[in-house]
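Commentary on secondary and tertiary structure
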Amino acid sequence: LKEVRTALLKMIEIKREQGIIKHSLEACLTIAWDDQEAFDFFGSDDIAKIFKMLLIVSRVTVQSSLDGLEQTGYKGLCARVEQACGVKCPRCWHW
């Protein structure tokens, strides 16, 4: 989990440097694995909730397809970081 977290945080940081997001809570991640065994382990909603808290982002979605995702620094993990849509909650700051 630590290595996956590091790879995803690097992708978030790239979007921050590009000015697409200003803070990690503005980020929405879509992730997928190119290995079925890894997808079976990481592909649950519970894992998405865990990554949401580990990465301090507004949303994490796990999909089975690699379409529209780019390779991360972790072997077999692909992801897309976008600005979260919607309105920021004034209480929790999630979008």
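Treat the numbers as computed from the prediction; the structure is a model and nothing was measured.

**Thoughts on the overall build of the chain**
Per the secondary structure count, the chain includes three helices and four strands. Going from N to C terminus, the chain has its helices and strands arranged as α-β-α-α-β-β-β. The C-alpha atoms of the chain give a radius of gyration of 13 Å, which matches the 12 Å a tight globule of 95 residues would have. Its C-alpha atoms put the chain at 40 × 25 × 25 Å along the principal axes. Every one of the 95 residues in the chain was classed for burial, and the buried ones make up 38%. Restricting the contact set of the chain to residue pairs at least 6 apart, pairs at least 24 apart contribute 68%. In the structure as shown, the chain presents an accessible area of about 6,000 Å², 53% of it carried by carbon and sulfur atoms. For the chain, the separation between the mean place of its 13 positive charges and that of its 13 negative charges on side chains is 10 Å.

**As for the sheet that holds strand E4 (residues 77-83)**
Here four strands make up an open sheet; going across it, the order is E2-E1-E4-E3 and the pairing mixed. Each end of this open sheet is capped by a strand with a single partner; those strands are strand E2 (59-62) and strand E3 (70-71). Where E3 lies against E4, two bridges are found, and the strand directions are antiparallel. In the sheet register, Glu 70 faces E4, and the bridge partner there is Ala 79. Taken strand by strand, helix H1 (residues 2-17) contacts strand E1 (27-33), E3 and E4, and its axis lies near 35° from that of E4.

**So, the pattern of salt bridges**
Taken as a whole, this structure holds two salt bridges when the rule is applied. Measuring nitrogen to oxygen at the nearest pair gives 2.6 Å for the salt bridge that ties Glu 13 to Arg 16. In this pair, Glu 13 and Arg 16 both sit in helix H1, three residues apart, roughly one turn of the helix. Note that Glu 82 is salt-bridged to Arg 80, the shortest N-O span being 3.5 Å. Look at Glu 82 and you get partly exposed, because its relative accessible area is 35%. The class of Arg 80 is partly exposed, set by a relative accessible area of 25%.

**Thoughts on a nonpolar patch on the surface**
A cluster of nonpolar side chains, Leu 1, Ile 50 and Leu 54, forms an exposed patch at the surface whose accessible area comes to about 240 Å². Looking at where Leu 1 falls in the secondary structure, it is placed in the segment before H1. Judged by relative accessible area, Leu 1 falls into the exposed class, the value being 52%.

What counts as what
- Residues numbered from 1 in each chain as written.
- Predicted model: local features only at pLDDT ≥ 70, side-chain atom pairs only at ≥ 80, totals over all residues.
- Heavy atoms only, no water.
- Helix = DSSP H or I, 4+ residues; strand = E, 2+ residues; numbered from the N terminus.
- Rg over C-alpha atoms; globule rule 2.2 N^0.38 Å.
- Buried < 20%, exposed > 50% of the residue type's maximum accessible area, 1.4 Å probe, protein only.
- Contact = heavy atoms within 4.5 Å.
- Areas by Shrake-Rupley, 256 points an atom, 1.4 Å probe, with all protein chains shown as cover.
- Lys, Arg positive; Asp, Glu negative; His and termini not counted.
- Charge placed at Lys NZ, Arg CZ, Asp CG, Glu CD.
- Pairing = 2+ DSSP bridges.
- Axes fitted to C-alpha atoms, helices over the stretch in contact; angles between N-to-C directions.
- Salt bridge = Lys/Arg side-chain N within 4 Å of Asp/Glu carboxyl O.
- Patch = residues over 30% accessible without salt bridge, like charges linked within 9 Å, V, L, I, M, F, W, Y side chains within 5 Å.

These figures capture arrangement, not role.
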